[in-house]
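# Report on the structure
These are the residues of each chain, in order.
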Amino acid sequence: MENTILSVENLTVSFDGFQAVKDLSLSIDHNELHVIIGPNGAGKTTLLDIICGRTKPSAGRVMFGGTDLTKAAEYQIVRLGVARKFQTPSTYEDLSVLENLEISFPRGRGVWGSLFFRRTRPVRDRITEIANQIFLFDELDTKAGKLSHGQKQWLEIGMLLIQDPELLLLDEPVAGMSPREREQTAVLLNQISHGKSLIVIEHDMEFVKQIARKVTVMHQGALLCAGSIEQVQRNERVIEVYLGA
Ligand code: ADP
């Protein structure tokens, strides 16, 4: 319990009477890399939408530290340390990698204050460290628009890391990536989990095997099974759902 960073408790989400998430409970530990899998329409995206405050549930709560996130606004949840990466790209194409990272640095007091602050040594050091971590150190001056699809995804992760969140929510981070980029992303996510928690929605089972220590399988809004990748792969209900038996 002490080690829990996030607990989803009896969460139900209805859209005009249709239950997209049904009485779902799960918890995430500090430094845990938790993968959520499940067929289309299982409610995975809706769960992330609830955690980041984009959608409100009809029942249940999501505790993060002492705060019920279902009662907080999106901007407050970001400030509390929860960062979400969406599937749609959100880098500034005409700005360099360095500038994209700079503008993502949490704002100081006032525009001028924060501009000055962003050019200081500790900020530069942090940007260098993150650029290294996301494999883009040699691309600091490259415009984001010139990066490969995979590099752009890493830059977006870097733009979240620079805000130093405690929990990252990633929606299919390796979609469209080359095999080599997938491998590098597995390294990156494992590294991030030495100090932060992650919830990753993923379809690519080979990638899931590389990163997950704990997997939750959702089906029709409910929790089907949770455990290690081996436990989940052996579960008969999971096999039925995936093979459509
Ligand atoms: P997944 O991410 O697992 O594919 P989603 O969370 O996107 O699943 O969707 C779960 C179900 O909820 C789907 O049947 C979807 O059509 C429905 N749904 C999601 N968002 C809305 C919405 N805003 N209004 C109505 N139905 C929605």
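Computed from a predicted structure; not experimentally measured. All chains use their own residue numbering, which begins from 1 and follows the written sequence. In view of the model being predicted, local features appear only for residues whose pLDDT reaches at least 70, and side-chain atom pairs are presented and counted only at 80 or more, with totals across whole chains, interfaces and linings using the full set of residues.

### Concerning the packing of helix H3 (residues 97-104) against helix H5 (residues 121-133)
Axis separation between H3 and H5 bottoms out at 10 Å; the angle between their running directions is 120°. Between H3 and H5, the crossing angle belongs to the class labelled oblique. As for the relative orientation of H3 and H5, their crossing is right-handed in sense. The residues of H5 that touch H3, namely those facing Val97, Leu98, Leu101 and Glu102, are Ile127, Ile130 and Ala131. The residue makeup of the contact of H3 with H5, split by class, is six nonpolar, no polar and one charged. Only the stretch in contact is used when fitting a helix axis, every axis being a line fitted to C-alpha atoms; angles between N-to-C directions are given from 0 to 180 degrees. A run of DSSP states H or I qualifies as a helix once it reaches four residues; a run of E qualifies as a strand once it reaches two. Both are numbered from the N-terminal end. By definition in this entry, angles of less than 35 degrees are roughly parallel, angles greater than 145 are roughly antiparallel, angles of 65 to 115 are roughly perpendicular, and the rest are oblique. In a left-handed crossing the near helix is turned counterclockwise from the far helix by less than a right angle, and in a right-handed crossing that turn is clockwise. Residues are treated as contacting if the C-beta atoms built from their backbones sit within 7 Å of each other. Here the term charged refers only to Asp, Glu, Lys and Arg, the term nonpolar to Ala, Val, Leu, Ile, Met, Phe, Trp, Tyr, Cys and Pro, and the term polar to all other amino acids, Gly among them.

### Quick look at the site of the ligand
Should the C-beta atom of a residue, placed from the backbone, lie within 6 Å of a molecule or strand, that residue is near it. Around the ligand, a shell composed of Phe15, Phe18, Ala20, Gly38, Asn40, Gly41, Ala42, Gly43, Lys44, Thr45 and Thr46 is seen. If you list the elements that add at least two residues to the shell around the ligand, you get strand S2 (18-29) and helix H1 (44-51). Per element, the largest residue contribution to the shell around the ligand is three residues, and it comes from H1. Here the residues of the shell around the ligand sort into four nonpolar, six polar and one charged.

### Considering the packing of H3 against helix H6 (residues 149-161)
Relative to each other, H3 and H6 sit at 30°, their axes nearing to 8 Å. Taken as axis vectors, H3 and H6 run roughly parallel relative to one another. For the pair H3 and H6, the sense of crossing is right-handed. Of the residues in H6, those touching H3 at Val97, Asn100, Leu101 and Ser104 are Leu155, Gly158 and Met159.

### Remarks on H3
Along H3, the residues that are buried comprise Val97, Asn100, Leu101 and Ser104. Buried residues of H3, viewed axially, fall in a sector of 95°; they line one side. Residues of H3 that are buried make contact with H5 and H6. To assign burial, the other C-beta atoms lying within 10 Å of each residue's own C-beta are counted, with C-beta atoms placed from the backbone; 20 or more indicates buried, 12 or fewer indicates exposed, and intermediate counts indicate partly exposed. Directions drawn from the helix axis to the C-beta atoms are what define this arc.

### Remarks on the confidence of the model for the chain
Values of pLDDT, ranging from 0 to 100, describe the predictor's confidence in every residue of the model. Mean pLDDT for the chain: 91, with 93% of residues reaching 70 or above. Both scores are available for the predicted complex, with the pTM at 0.92 and the ipTM at 0.97.

### Side note on the domain arrangement of the chain
With domains assigned, the chain is organised as domain 1 (1-81 + 165-244) and domain 2 (90-163). Where a domain begins and ends is set by an automatic assignment or by a domain database. Placing the centre of domain 1 and that of domain 2 at their C-alpha centroids yields a distance of 26 Å. Across the contact, ten residues belong to domain 1 and ten residues belong to domain 2.

### A word on the nonpolar core
In plain words, the nonpolar core is the set of buried Ala, Val, Leu, Ile, Met, Phe, Trp, Tyr and Cys residues that C-beta atoms within 7 Å link up. Membership of the largest hydrophobic core comes to 62 residues, with the highest contact counts inside it found for Leu169, Val200 and Ile211. Element by element, the count of residues in this core is highest for H6, at six residues. When residues of this core are assigned to domains, at least three map to each of domain 1 (1-81 + 165-244) and domain 2 (90-163). When sequence neighbours within four positions are dropped, the list of residues in contact with valine 200 reads Leu33, Val35, Leu170, Pro173, Leu189 and Ile211.

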